[in-house]
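Observations on chain architecture
Each chain is listed here by its residues.
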Amino acid sequence: MGLDKGHGSARWSAADCLLPEKDVAIEDGHIHALSDEPWMGIRPCTALRPGGFVAIVYRLSQWDDPVRPVFRFWRGDGTFVERMAPGPVAGAGLWRGRIPLGTRRISVSPVARVGRFDFRIESIESLSFTAQLRSGWGKAHRPARAALLTRLIGMIDESDLNLAWATEFHPFEDYAAWKAARERVIDLAGIDAPRTDWEKGPLVTLLLGGAQAQPNVQKAREVRESTIDTVAAQLYPRWCLLVHAEADTSRADAEPRCRFLNDRDWMEMLAGDGPETGWLCALSPGDRLSPGSLASLAERLPTLPQASLVYGDEEHIGPDGRILPILKPDWSPRLQAARPYLGRAVFVAAAAWRQWSLEERLGFVRNAVPPSRWLASLRAAEVLHIRRFLLASTRAEAPDLKDNRRERRKEGATGGRALPAEPSVCFIIPTRDRADLLDRCITSIREQTAYKHYEILILDNDSVKAETTHLFDRLRSLANVSIVKTPGPFNYARICNLGAARTRADILVFLNNDTEALSSGWLAALVRQAICPDVGAVGAKLLFASRRIQHIGVAVGMGNSACHFGAQEAEDAPGWLGRHRVLHEVSAVTGACLAVERRKFVAIGGFDEAHLAVELNDIDLCLRLGEHGWQSLVEPAAVLLHHESATRGGATFRPLSVNGEQRDYFQRRWRKVMRDDPYFHPALAHFRLVPALG
């Protein structure tokens with residue numbers, strides 16, 4: 001059915017506009033996904049006019065994981081274009097964009113796991129390009145200007161992409177307005193109807209510790225009471241609140257689930273065996289649980305029955321009352337060890353609590369931080385991240401970065417591991433002319449690198465200039481430098497694979513010819529991480545010549561493919577959750593400086609030279625390493641300059657048709673990660689290199 005045959009108006013709302021299409025079943029009146037990529041069709045309406053701009057508002061049940069929905073626009077020839085929308089973390093989500101010309105029907109994949117789900121399209125509204133452009137002009141002038149110019153010369157797809165970079169983000173400072181537009185009251189009689197029997201659910205024991213410093217006793221009591229009120233307002237009934245304070249008989253009489261414990265009883269409780277089953281959460285006076293917090297815990301636990309640790313997203317209440325979001329990645333043990341990010345919305349299984357010492361229990365009650373030795377023992381399958389705002393607190397800020405920097409200086413920049421010996425390293429450097437860049441790169445390696453057990457393999461892809469020939473002649477005289485000709489059309493993946501096949505080194509370091517090492521310990525820092533049994537690719541912190549960040553990790557899905565999240569920030573910027581300054585997990589790193597053990601590289605077949613000759617082959621490599629259980633990391637102790645793409649030229653106003661088949665393949669192959677990068681967040685903007693709301 002064509003979209004021009006639908007009913008509706010410029011603004012259209014309907015609760016029944018979705019039809020099961022693929023891997024969706026209706027059982028007992030409920031919608032069930034039969035795979036991790038179910039599809040539903042959207043009924044046609046006038047607002048969904050091919051070539052026109054629309055705003056689609058959608059809602060997902062509070063009990064579903066708010067991954068990014070994928071909208072699929074089908075053409076008449078059976079091909080399609082896909083767009084990924086922001087995850088409805090606050091309740092509802094909003095996607096704005098253009099319906100591609102030639103669209104005949106539209107599908108949506110709302111969730112990414114098997115089982116029951118509830119999803120609605122709340123409204124579809126027509127927009128104008130002019131209104132979109134006006135909005136973007138005030139937010140991000142440069143991409144808005146590019147959107148206008150590309151549209152004027154008929155580059156419609158390129159204009160759409162530029163317009164998204166100009167409009168589809170909201171600064172964290174605008175969180176209050178962003179939340180107000182998306183927040184929904186939990187509807188227990190409708191989309192948020194319970195799926196489990198709450199009366200038989202797990203018991204959640206809440207431990208409310210002593211008061212923060214307050215000017216007087218009355219103020220301390222008011223702050224404590226504000227927290228107790230949010231516990232009493234929980235939709236989920238199976239909870240018990242233990243309060244470290246003298247008895248409040250009026251409160252205890254009114255709410256039998258609330259018990260007040262004096263100092264002696266409080267310590268006896270902490271030293272006792274603890275509950276045999278259920279979950280525990282540490283609260284501080286002033287913490288505010290959202291009404292659905294404990295219900296979210298009860299509803300999500302069946303999706304990961306082996307979980308021992310659950311954490312959620314939070315809101316930070318500033319001294320002026322302003323609220324900002326704290327969005328967290330999925331389980332990232334190295335980040336947690338270097339820069340604790342779990343925050344206060346943390347629940348631990350009773351079985352784990354019973355194994356902790358009294359000192360560890362006291363630490364958890366004071367700061368909501370589980371013992372580090374226990375966290376280090378957890379497997380990813382034992383940790384559940386609920387990507388909803390479960391708690392607001394004045395104490396929700398992460399620990400001071402100065403403390404973590406001091407700890408890292410004590411341990412060493414790479415987490416305290418010492419190299420048992422120097423594994424052999426081979427630098428693999430593709431190049432084509434630009435002798436000035438290559439000379440600078442090689443010189444920096446030789447003069448700035450304390451690690452000496454390396455060789456350099458230069459892969460010459462049809463250089464023709466005399467100065468390059470002269471440089472090659474000089475480099476050949478060096479004992480640990482080799483130059484190999486790799487003629488033919490530029491295929492980065494093939495060239496790198498040829499280089500990897502010519503070395504027996506333990507560690508491969510793929511390096512662009514337009515990079516420069518800046519410090520002596522950079523290579524040792526990369527190698528220390530690369531040799532870890534569970535680690536795949538290790539990337540560096542790369543800087544532009546201006547000293548702004550060029551790379552500190554890749555967010556898969558950003559910009560409709562993958563982008564450098566954190567790029568253009570200041571060199572010393574802490575970044576999202578302070579990640580720029582510490583070793584941390586990512587889904588992928590750039591191939592401009594990528595270290596990997598050769599045996600792991602060989603095990604996955606190297607770069608994909610058949611499908612990804614030029615673009616996204618480095619991201620694909622990291623993701624395939626991840627499929628084999630090898631984690632990608634960024635080591636900010638390794639810092640280099642990167643004159644990005646200086647050899648091959650810029651990409652300003654480049655037609656999307658250039659290497660379009662490679663991007664299409666990548667999107668098909670890695671759609672699941674693009675819509676839900678575990679080290680990003682579904683509420684973060686896909687079209688902003690610095691942290692912003694989508």
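Scroll up a little and you will see the structure.
Residues numbered from 1 in each chain as written. Predicted model: local features only at pLDDT ≥ 70, side-chain atom pairs only at ≥ 80, totals over all residues. Heavy atoms only, no water.

1. Comments concerning the overall build of the protein
Put simply, the rule reads: Working definition: helices are DSSP H or I runs of at least four residues, strands are E runs of at least two. Numbering for both runs from the N terminus. Categorising residues by exposure relies on relative accessible area from a 1.4 Å probe, with only protein chains included: less than 20% of the type maximum marks a residue as buried, more than 50% marks it as exposed, and the intermediate range marks it as partly exposed. The contact criterion used throughout is that any non-hydrogen atoms of two residues lie within 4.5 Å. Each accessible area is a Shrake-Rupley result for a 1.4 Å probe, and residues are judged covered by the shown protein chains and nothing else. Residues counted as positive are Lys and Arg, residues counted as negative are Asp and Glu, and His and the chain ends are not counted. Every charge is mapped onto a representative atom, which is NZ of Lys, CZ of Arg, CG of Asp or CD of Glu.
Per the secondary structure count, the protein includes 21 helices and 33 strands. Expressed as a percentage of its 694 residues, the buried residues of the protein come to 58%. Excluding contacts between residues fewer than 6 apart, the proportion of contacts in the protein whose partners are at least 24 apart in sequence is 79%. Entry remark: accessible area of the protein is about 28300 Å², with carbon and sulfur atoms responsible for 51%. When the 88 basic and 84 acidic side-chain charges of the protein are each reduced to a single mean position, those positions are 3 Å apart.

2. What to know about helix 19 (residues 617–627)
Among the 11 residues in helix 19, nine count as buried, and that is most of the element. Taken together, the buried positions of helix 19 are occupied by N617, D618, I619, D620, L621, C622, L623, R624 and L625. Backbone geometry just after helix 19 places G629 at a positive phi near 90°.

3. Regarding a nonpolar patch on the surface
In plain terms, the rule: Patches here are clusters of residues that have more than 30% relative accessible area and form no salt bridge, with a 9 Å joining cutoff for like charges and a 5 Å cutoff for nonpolar side chains (Val, Leu, Ile, Met, Phe, Trp, Tyr). Throughout this description, the term salt bridge denotes a Lys or Arg side-chain nitrogen within 4 Å of a carboxyl oxygen of Asp or Glu.
A grouping of L149, L152, I153 and F653 is seen on the molecular surface, where their side chains present a nonpolar patch of about 390 Å² in accessible area. Structurally, L149 can be placed in helix 2 (residues 141–152). Assessed through its relative accessible area of 30%, L149 is described here as partly exposed.

4. Regarding the sheet that holds strand 4 (residues 30–33)
Here is the rule: DSSP-based pairing: two strands are paired if at least 2 bridges between them are found. Note on definitions: angles span 0 to 180 degrees between N-to-C directions of axes, and those axes are lines fitted to C-alpha atoms, for helices only across the stretch in contact.
Overall, antiparallel pairing links the three strands, which are arranged 3-4-11 in an open sheet. A strand with exactly one partner marks an edge of an open sheet, and here the two such strands are strand 3 (24–27) and strand 11 (115–117). Strand-to-strand twist across the sheet, computed as the mean angle between neighbouring axes with direction ignored, equals 40°. Judged from the four bridges that link them, strand 3 and strand 4 form a sheet pairing that is antiparallel. The residue bridging I26 from the neighbouring strand is I31, located in strand 4.

5. A short note on the side chain of R96
The test is simple: Pairs of N or O atoms are called polar contacts if they sit within 3.5 Å, as long as, within protein, a hydrogen donor faces a hydrogen acceptor (for residues adjacent in sequence, only side-chain-to-side-chain pairs).
Here R96 is to be found in strand 9 (residues 92–98). Engagement of the side chain of R96 in a polar contact is seen with the backbone oxygen of T167, the distance being 3.4 Å. Looking at R96, its side chain comes within polar contact range of the side chain of E168, at 3.3 Å. With sequence-adjacent residues up to four places away left out, R96 is seen in contact with V54, A55, L127, Q132, T167, E168 and H170.

6. What to know about the pattern of salt bridges
A complete count under the given rule lists 39 salt bridges for this structure. Across the pair E21 and R105 runs a salt bridge whose closest N-O atoms are separated by 3.1 Å. Taken together, the residues span a long stretch of sequence, with E21 in strand 2 (residues 18–22) and R105 in strand 10 (residues 103–109) at a distance of 84 residues. For R105, a relative accessible area of 34% puts it in the partly exposed group. Linked through salt bridges whose partners overlap, the residues forming this network are D64, R113, R116, D118 and R195.

7. As for the pairing of strand 33 (residues 631–642)
Where burial is concerned, most of strand 33 is hidden: 11 out of the 12 residues are buried. In the sheet, strand 26 (residues 515–517) pairs with strand 33 via three bridges, with the strands oriented antiparallel. Across the sheet, A517 pairs through a bridge with L640, a residue of strand 33. By the bridge criterion, seven bridges tie strand 27 (residues 535–543) to strand 33 in an arrangement that is parallel. Looking at strand 33, one finds that L542 is bridged to L640. Examined bridge by bridge, strand 31 (residues 584–586) and strand 33 share three bridges and lie antiparallel to one another. Looking across to strand 33, one finds that V586 is bridged to S632.

8. What to know about the sheet that holds strand 7 (residues 70–75)
Pairing is antiparallel across the open sheet formed by five strands, whose spatial order is 2-5-10-7-8. Each having just a single partner strand, strand 2 and strand 8 (80–84) make up the two edges of the open sheet. Within this sheet the neighbouring strands show an average axis-to-axis angle of 30°, counted without direction. For strand 2 and strand 5 (residues 39–42), the ladder comprises four bridges, and the chain directions are antiparallel. When the bridges of strand 5 are listed, P20 appears paired with M40.

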